[in-house]
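Summary of the model geometry
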Amino acid sequence: MAYEVIVAGVGSMGAATCRELAARGVPVLGLEQGALPNPMASFAGRTRAIRLSYSEHPDYVPLLRGAYARWETLGQECGQQLLHLTGALYMGPETGELFSGALASAQTHELAHTRFTAAELQREWPQFNLPENFVGLHETQAGYVLSEAAVLAMIESAQRHGADLRSHEPVLDWHANAQGVTVRTSKGEYAASHLIFTTGAWTPEVLCDLPITVTRQVLGWTQPPDLRPFIADQFPVWVIDHDGPGFYYGFPHTPDGSGGPGLKAALHCPGALTTAAAAQREPLPADADEIRAVFARHLPAGDGPLIEQRTCLYTNTSDGHFIVDRHPVHDRVTLACGFSGHGFKFASVMGEVLADLATDGKTDWPIDFLRLSRFGHSRKS
Ligand SMILES: Cc1cc2nc3c(=O)[nH]c(=O)nc-3n(C[C@H](O)[C@H](O)[C@H](O)COP(=O)(O)OP(=O)(O)OC[C@H]3O[C@@H](n4cnc5c(N)ncnc54)[C@H](O)[C@@H]3O)c2cc1C
């Protein structure tokens, strides 16, 4: 079969891209090294937080508005609600980056939000135990996406639209020239007009010299004695400043099990440096301590035995922004990587961005701030 585009890596961004290309009638081959979907990929762990209040860069917000709409559409297509707008609550000192960033973004983009003093926070959400100087901002249009279900839905949609998706077929080597690309896998060789790399934490193994690092991250679910105060109709996605770098965040309990078995929390901060091949996937004793620390300190009624843990990988850039661009040397190759621990929520719209880049060489979505050239990787003429 003649393919127009080959997508290397059918995870969060790759599945979205295959779906979008196939829906446009573009002959696409998606090559995935693991199962479809791959439980080792970075969307594992049932849920990913989604929010509009991005203070990190103003151009994320239009992308996010596009992503929200596309999560809704995908949910309608697959017959399962994937986007759950429970609201999100950001808590920390008034002058801290977390609260002030969320507030600035909410004001700039006119997002529905409510501010809470420390006393109001305690009255509204007595589940939290917070220092006296912590205030809160509640954002209405935020919540979570069922990430594993969403990737499965994108894979199935891509296949329904005619995408050729292959599991257990790693891309081992590739070549590009002015006429096209060739890709060698464990099972054969394929040619196409364009190649897109959406290989996540494995990207350094297929593309050298990109300014990205891979870190080991852990997620966990506790089983508190009473889960009722944490159910999504009264309990939001939450984010709490802490003394060290990064912040803690967690999710409401989902009685239908779609978000996992108990109460989920994690630390958002790049963990130990690793590689996808060498990463220690088994839980370490310190992992449980990291997760339970936030419950002990800020959510005591949510503490309990850790009943499930997952180890996933972040692929980080030095500025925390993604890399979405043409390859610096090969015009027929597009890269999307470095999603730096906050990329999943964008996957639904990234499919469209990457399909545009592969088929038209440009996109109307605002992605200039995600170009590789910001790191000094200039395109050769
Ligand atoms: C613990 C944790 C918590 C997170 N929390 C959030 C959150 O709350 N909100 C949010 O928006 N984001 C969050 N993220 C980030 C988000 O999940 C990632 O940014 C996103 O999943 C990355 O997508 P990706 O497509 O780049 O990688 P992946 O989804 O990992 O996909 C890469 C795929 O490529 C395949 N592959 C790799 N190499 C090859 C090859 N040579 N041949 C064939 N296939 C290959 C892999 O097997 C994999 O399936 C979190 C990430 C982690 C790890």
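The rules behind each value
Residues numbered from 1 in each chain as written. Predicted model: local features only at pLDDT ≥ 70, side-chain atom pairs only at ≥ 80, totals over all residues. Heavy atoms only, no water. 1 Å grid on protein atoms, 1.4 Å probe; cavity = no way out; pocket = protein on both sides within 12 Å on 5 of 7 lines; lining within 4 Å. Points joined across faces, edges and corners; volume = space filled by probe spheres on them. Nonpolar A, V, L, I, M, F, W, Y, C, P; charged D, E, K, R; others polar. Core = buried A, V, L, I, M, F, W, Y, C linked by side-chain atoms within 4.5 Å. Buried < 20%, exposed > 50% of the residue type's maximum accessible area, 1.4 Å probe, protein only. Domains from an automatic or database assignment. Contact = heavy atoms within 4.5 Å. Helix = DSSP H or I, 4+ residues; strand = E, 2+ residues; numbered from the N terminus. Pairing = 2+ DSSP bridges. Axes fitted to C-alpha atoms, helices over the stretch in contact; angles between N-to-C directions. Near = heavy atom within 4 Å. Polar contact = N/O pair within 3.5 Å; in protein donor to acceptor, adjacent residues only side chain to side chain. Areas by Shrake-Rupley, 256 points an atom, 1.4 Å probe, with all protein chains shown as cover. Salt bridge = Lys/Arg side-chain N within 4 Å of Asp/Glu carboxyl O.

Picture a little ball the size of a water molecule; that probe, rolled over the atoms, points out where space is still empty. Throughout the structure, instances matching the rule amount to one cavity of 30 Å³ or more. Looking at the largest cavity, its volume works out to about 40 Å³. Thr47, Trp221, Phe251, Pro252, His253, Thr254, Gly259, Gly260, Gly262 and Lys264 are the residues that line the largest cavity. Taken together, the residues of the lining of the largest cavity sort by class into three nonpolar, six polar and one charged.

Our next topic: the nonpolar core. Within the largest apolar cluster, 76 residues are counted, with the highest numbers of intra-cluster contacts made by Trp71, Val324, Phe346, Met350 and Leu370. Each of domain 1 (5-44 + 148-210 + 319-375) and domain 2 (47-146 + 213-313) contributes no fewer than three residues to this core. Phe346 has contacts with Tyr54, Tyr60, Leu63, Leu64, Ala67 and Phe322, leaving out every residue within four places of it along the chain.

Cis geometry is found at the peptide bond from Leu36 to Pro37, where omega equals -5°. Among the secondary structure elements, Pro37 is positioned in the loop between β2 (28-31) and β3 (47-50). Within the chain, His168 stands out as a residue other than glycine whose phi angle is a positive 55°. Within the secondary structure, His168 sits in the loop between β9 (164-166) and β10 (171-176).

So, about the sheet that holds β10. Strand order in the open sheet formed by three strands is β10-β11-β12, with antiparallel pairing between adjacent strands. Either end of the sheet is taken by a strand with one partner, and the two such strands are β10 and β12 (189-192). Within this sheet the neighbouring strands show an average axis-to-axis angle of 20°, counted without direction. The pairing of β10 with strand β11 (residues 181-185) spans five bridges and is antiparallel. When the sheet's bridge partners are listed, Trp174 is paired in β11 with Val183.

Looking now at the site of the ligand. Around the ligand, the structure places 32 residues, and the nearest of them are Ser12, Glu32, Ser42, Ala49 and Lys345. The separation between an oxygen atom of the ligand and a polar main-chain atom of Thr198 is 3.4 Å. Here the ligand has 1000 Å² of accessible area as a free molecule, and 96% of this is covered by the chains. Mapped by element, the contributors of at least two residues to the shell around the ligand are α1 (12-23), β3, β14 (212-222) and β19 (306-317). At three residues, the largest contribution of residues to the shell around the ligand is made by β19. Among the residues forming the shell around the ligand, the class breakdown is 16 nonpolar, 13 polar and three charged. The residues that make up the shell around the ligand include at least three from each of domain 1 (5-44 + 148-210 + 319-375) and domain 2 (47-146 + 213-313).

Each strand in a sheet pairs with its neighbour through backbone hydrogen bonds, running either in the same direction (parallel) or in the opposite one (antiparallel). On the basis of which strands lie adjacent, the open sheet formed by three strands has the order β3-β8-β4 and antiparallel pairing. Two strands bound the open sheet, and with one partner strand each, they are β3 and β4 (83-84). With four bridges connecting them, β3 and strand β8 (residues 143-146) associate as antiparallel partners. For Arg48, the partnering residue across the bridge sits in β8 and is Val145.

To continue, consider the domain arrangement of the protein. Annotation of the protein at the domain level lists domain 1 (5-44 + 148-210 + 319-375) and domain 2 (47-146 + 213-313). Taken over C-alpha atoms, the centre of domain 1 sits 27 Å from the centre of domain 2. The interface is formed by 37 residues belonging to domain 1 together with 32 residues belonging to domain 2. One can count four salt bridges joining domain 1 with domain 2. Residues Arg160 and Glu77 are paired through a salt bridge, measuring 2.7 Å at the closest nitrogen-oxygen approach. Of all the elements in the fold, those that place two or more residues in the side of domain 1 that touches domain 2 are α5 (147-160), α6 (203-206) and α8 (347-360). With seven residues, the top contributor of residues to the side of domain 1 that touches domain 2 is α5. Taken together, the residues of the side of domain 1 that touches domain 2 sort by class into 22 nonpolar, nine polar and six charged.

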